[in-house]
Structures are given as C-alpha cells and as structure tokens.
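Descriptive analysis of the structure
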Amino acid sequence: MHELGVTESIAGIVLRHANMNGARRVLKVNIKLGELTGIVDRYVSFYWDMVTKDTVAQGAELNFVKVPTVAYCNRCREEFRIEEYDLTCPRCGEVASDIISGREFVVESIEIE
Ligand SMILES: [Zn+2]
C-alpha cells in the first residue's frame, strides 16, 4: 500500500503552489495517473481527506486523468496500447522493448480561489 506516501507527496506539491499563489482554498486538483503505476485512485482520494485536514486543500476535488500504457515497437515503429500485459506488437509480432507512457503520476494542474 504505497498510496499514502504518494498522496502525501501530491498534497505537498499542491499546498506549496497554493501558498505561493495566496490561495484561500484549493478547489480541484488534476492528476495524471498512469495505468502501470498500480496506484488506485479511490485510495488516494481516501488518504487525501486525511492528509489535507485543516489545510487550504481540504475538500478539494481530485480529478484523475487516466493514462493508458503505450509501447513502442523498435522494428516497425508502431505505437500501440498494451492490454493485459501483452507486449507483442499487433503489426509485426515483435516484442516491444519500450514503454512510452503509463508510468505517470503527476499533478497536471490545480484550481484555486
Ligand atoms: Zn512492430
């Protein structure tokens, strides 16, 4: 269960930006969440209420933008979405060696007032 740690990191980033911008309240946080991270968004939301208690970010809505896992085939240069851990290129059958997205876990934007 590493959601607590990542939620604390996200809260730290959000609070720092909220402070810098003199926010009275954080309304919404947009988070890019890659499939490969294995992070469960509802656990993050659960911990969010806990770690932001009595801060300007308390009650902020978390909006998760899911990022699919995409691989790149070195042989035919096809980019393709990976489902069920199948790394085989649908075009040429080669096993892809590069994952080009799906590991993201970042704060994309913050809405404050
Ligand atoms: Zn290929």
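Before going into details, it helps to say that this report is about the structure given with it. (Residues numbered from 1 in each chain as written. Predicted model: local features only at pLDDT ≥ 70, side-chain atom pairs only at ≥ 80, totals over all residues. Heavy atoms only, no water.)

Points about the overall build of the protein
Stated precisely, the cut-off is as follows: Numbering goes from the N terminus for both helices and strands, where a helix is a DSSP run of H or I of at least four residues and a strand is a run of E of at least two. Atoms considered for the radius of gyration are the C-alpha atoms alone. The globule rule reads 2.2 Å times the number of residues to the power 0.38. Exposed residues in this analysis have more than 50% of their type's maximum accessible area, buried residues have under 20%, and partly exposed residues fall in between, with area computed by a 1.4 Å probe over protein chains only. Pairs of residues are marked as contacts when any of their non-hydrogen atoms sit within 4.5 Å.
Per the secondary structure count, the protein includes two helices and six strands. Going residue by residue from the N terminus, the α and β elements of the protein occur as α-β-α-β-β-β-β-β. Taking 2.2 N^0.38 as the reference for a compact globule, 113 residues should give roughly 13 Å; the C-alpha atoms of the protein span a radius of gyration of 18 Å, well beyond that estimate. C-alpha extents for the protein along the principal axes are approximately 55 × 30 × 15 Å. Looking at the protein as a whole, 32% of its 113 residues are labelled buried. The contacts in the protein between residues at least 6 apart in sequence include a share of 71% that link residues at least 24 apart.

Let's talk about the coordination of the zinc ion
Counted only if it meets this: For Na, K and Ca the donor cut-off is 3.2 Å, and for all other metals it is 2.8 Å, counting N, O and S atoms only; because water is absent from this set, sites may look incomplete.
Those protein atoms acting as donors to the zinc ion are Cys73 (SG), Cys76 (SG), Cys89 (SG) and Cys92 (SG), and they sit at 2.3 to 2.4 Å. Binding-site remark: the zinc ion is held by donors from one chain whose sequence spacing is C-x2-C-x12-C-x2-C. Pair noted here: Cys76 is in the loop between β3 (70-72) and β4 (79-81) and Cys89 is in the loop between β4 and β5 (98-101), with a separation of 13 residues, a long-range link. The residues Cys76 and Cys89 share a single accessibility class, namely buried.

Description of the pattern of salt bridges
To be explicit about the condition: Salt bridge criterion: a side-chain nitrogen from Lys or Arg within 4 Å of a carboxyl oxygen from Asp or Glu.
As enumerated under the stated definition, the model contains seven salt bridges in all. Here Glu113 ties to Arg25 by a salt bridge, and the two come within 3.1 Å at their closest N and O atoms. With Glu113 in the segment after β6 (105-112) and Arg25 in the loop between α1 (3-20) and β1 (26-34), the pair connects residues that are 88 residues apart, well separated along the chain. Ionic pairing is found between Lys53 and Asp54, a salt bridge with its closest N-O pair at 3.9 Å. Each of the two residues, Lys53 as well as Asp54, counts as exposed.

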